[in-house]
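# Secondary and tertiary structure notes
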Amino acid sequence: MKLKVIQSDITTIQVDAIVNAANTSLLGGGGVDGAIHRKGGAEILEACRKIRATQGNCKVGEAVITTAGKLPAIYVIHTVGPVWNKGGKEKESLLKKCYINSLKLAIENNIKTIAFPNISTGIYKFPKELAAKIAIETVRNFEEPSQIDEVTFVCFDEENFELYKKIVEK
Ligand code: AR6
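Residues numbered from 1 in each chain as written. Predicted model: local features only at pLDDT ≥ 70, side-chain atom pairs only at ≥ 80, totals over all residues. Heavy atoms only, no water.

Near the ligand, the surroundings consist of 22 residues, among which N23, G30, V32, D33 and T121 are the closest. With respect to the ligand, the side chain of D33 contributes an N or O atom lying 2.7 Å from an oxygen atom. Backbone polar atom of Y124 to an oxygen atom of the ligand: 3.0 Å apart, as the coordinates give it. In the complex, 91% of the free accessible area of the ligand, which totals 700 Å², lies under the protein chains. At the level of secondary structure, the elements contributing two or more residues to the shell around the ligand comprise β2 (17–22) and α1 (31–40). With four residues, α1 is the largest single contributor of residues to the shell around the ligand. (Near = heavy atom within 4 Å. Polar contact = N/O pair within 3.5 Å; in protein donor to acceptor, adjacent residues only side chain to side chain. Areas by Shrake-Rupley, 256 points an atom, 1.4 Å probe, with all protein chains shown as cover. Helix = DSSP H or I, 4+ residues; strand = E, 2+ residues; numbered from the N terminus.)

Here we come to the sheet that holds strand β5 (residues 113–116). On the basis of which strands lie adjacent, the open sheet formed by six strands has the order β1-β6-β5-β2-β4-β3 and mixed pairing. Sheet topology places β1 (2–7) and β3 (63–67) at the edges, where each strand pairs with a single neighbour. Between one strand axis and the next, the sheet turns by 25 degrees as a mean value, whatever way the strands run. As paired strands, β5 and strand β6 (residues 150–155) are joined by four bridges and run parallel to one another. Across the sheet, F116 pairs through a bridge with F153, a residue of β6. Along the sheet, α1 makes contact with β2 and β4 (75–80), crossing β2 at roughly 125 degrees. In the packing of helix α2 (residues 42–55) onto the sheet, the strands contacted are β3 and β4, and the crossing angle to β3 comes to about 140 degrees. (Pairing = 2+ DSSP bridges. Axes fitted to C-alpha atoms, helices over the stretch in contact; angles between N-to-C directions. Contact = heavy atoms within 4.5 Å.)

Taken N-terminus to C-terminus, the directions of helix α3 (residues 89–108) and helix α4 (residues 128–140) make an angle of 40 degrees; their axes are 9 Å apart at the nearest point. Taken together, α3 and α4 sit at an angle that is classed as oblique. Crossing of α3 against α4: the hand is right-handed. Where α3 approaches α4, its residues E92, L95, K96, Y99, I100 and L103 are matched on the opposing element by L130, A131, I134, A135, T138 and V139. Split into classes, the residues belonging to the contact of α3 with α4 amount to nine nonpolar, one polar and two charged. (Parallel < 35°, antiparallel > 145°, perpendicular 65-115°, else oblique. Left-handed = near helix turned anticlockwise from the far one by under 90°. Nonpolar A, V, L, I, M, F, W, Y, C, P; charged D, E, K, R; others polar.)

Before going further, it helps to examine the confidence of the model for the protein. Looking at the protein as a whole, its pLDDT mean stands at 97, while 99% of the residues score no less than 70. Scored as a complex, the prediction yields pTM 0.98 and ipTM 0.99. (pLDDT = per-residue confidence, 0-100.)

Let's shift gears to the pairing of β2. Burial within β2 is extensive, with five of its six residues counted as buried. The pairing of β2 with β4 spans six bridges and is parallel. The residue of β4 that forms the bridge with A17 is Y75. Looking at chain direction, β2 and β5 are connected through two bridges and run parallel. Looking at β5, one finds that I18 is bridged to A115. (Buried < 20%, exposed > 50% of the residue type's maximum accessible area, 1.4 Å probe, protein only.)

Side-chain direction in a regular strand flips from residue to residue, so the side chains alternate between the two faces of the sheet. Of all six residues that make up β4, five are buried, and the element is covered over most of its length. Taken together, the five bridges between β3 and β4 define a ladder with antiparallel strand orientation. Paired with A63 across the bridge in β4 is T79.

With their axes 10 Å apart at the nearest point, α4 and helix α5 (residues 158–169) run at an angle of 45 degrees to one another. For the element pair α4 / α5, the angle class is oblique. Considering the relative orientation of α4 and α5, their crossing is right-handed. Contacts from K128, E129, A131, A132, K133, A135, I136 and R140 of α4 reach α5 at E159, N160, L163, Y164, K166, I167 and V168. For the contact of α4 with α5, a count of residues per class yields eight nonpolar, one polar and six charged.

Listed below in structure tokens is the structure:
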């Protein structure tokens with residue numbers, strides 16, 4: 001599995017699946033979630049509504065998959081990161097679950113290339129360096145016999161981009 005770190009807008013990335021940092025409602029919001037729904041069009045929201053109709057809210061750490069609508073990717077994997085609030089080990093393990101469950105869902109759907117945003121490090125205020133370490137370590141240690149060819153970490157802000165480069169190069 002090849003690991004890549006780039007600085008970009010995830011809505012422009014052409015991979016099999018991009019990951020969305022969603023909320024439990026799956027109905028859209030601000031940040032990367034807002035950008036994905038805005039640019040991907042109504043088809044994504046429609047698919048999220050259908051998922052809600054059968055399984056209700058998406059729990060923190062879990063992931064669901066939809067079409068990517070008008071985006072260049074084929075799928076969007078929506079995962080819900082933890083709100084940092086006062087932090088703690090439980091928040092760390094929930095963030096880890098986001099990456100693991102997204103990768104599992106990717107494998108189930110025969111996805112070969114996947115791009116992650118820096119989940120929870122915006123509105124949900126997870127400390128960026130800790131989040132980057134968890135993201136990279138979790139992907140690197142992912143144990144399933146991997147049919148995934150490439151994982152791209154798409155950093156939006158400069159601070160995350162510098163952190164990811166530093167940690168990946170170590
Ligand atoms: N492409 C890639 N990364 C982006 C983009 C983009 N277009 N836009 C923002 N980021 P956030 P969270 C980065 O706040 O912290 C929503 O309202 C951003 O710089 O999008 O998990 C949801 O509905 C940051 O590093 O997600 C939830 O309610 C990272 O994406 C809540 O925000 C995550 O920031 C989720 O909060």
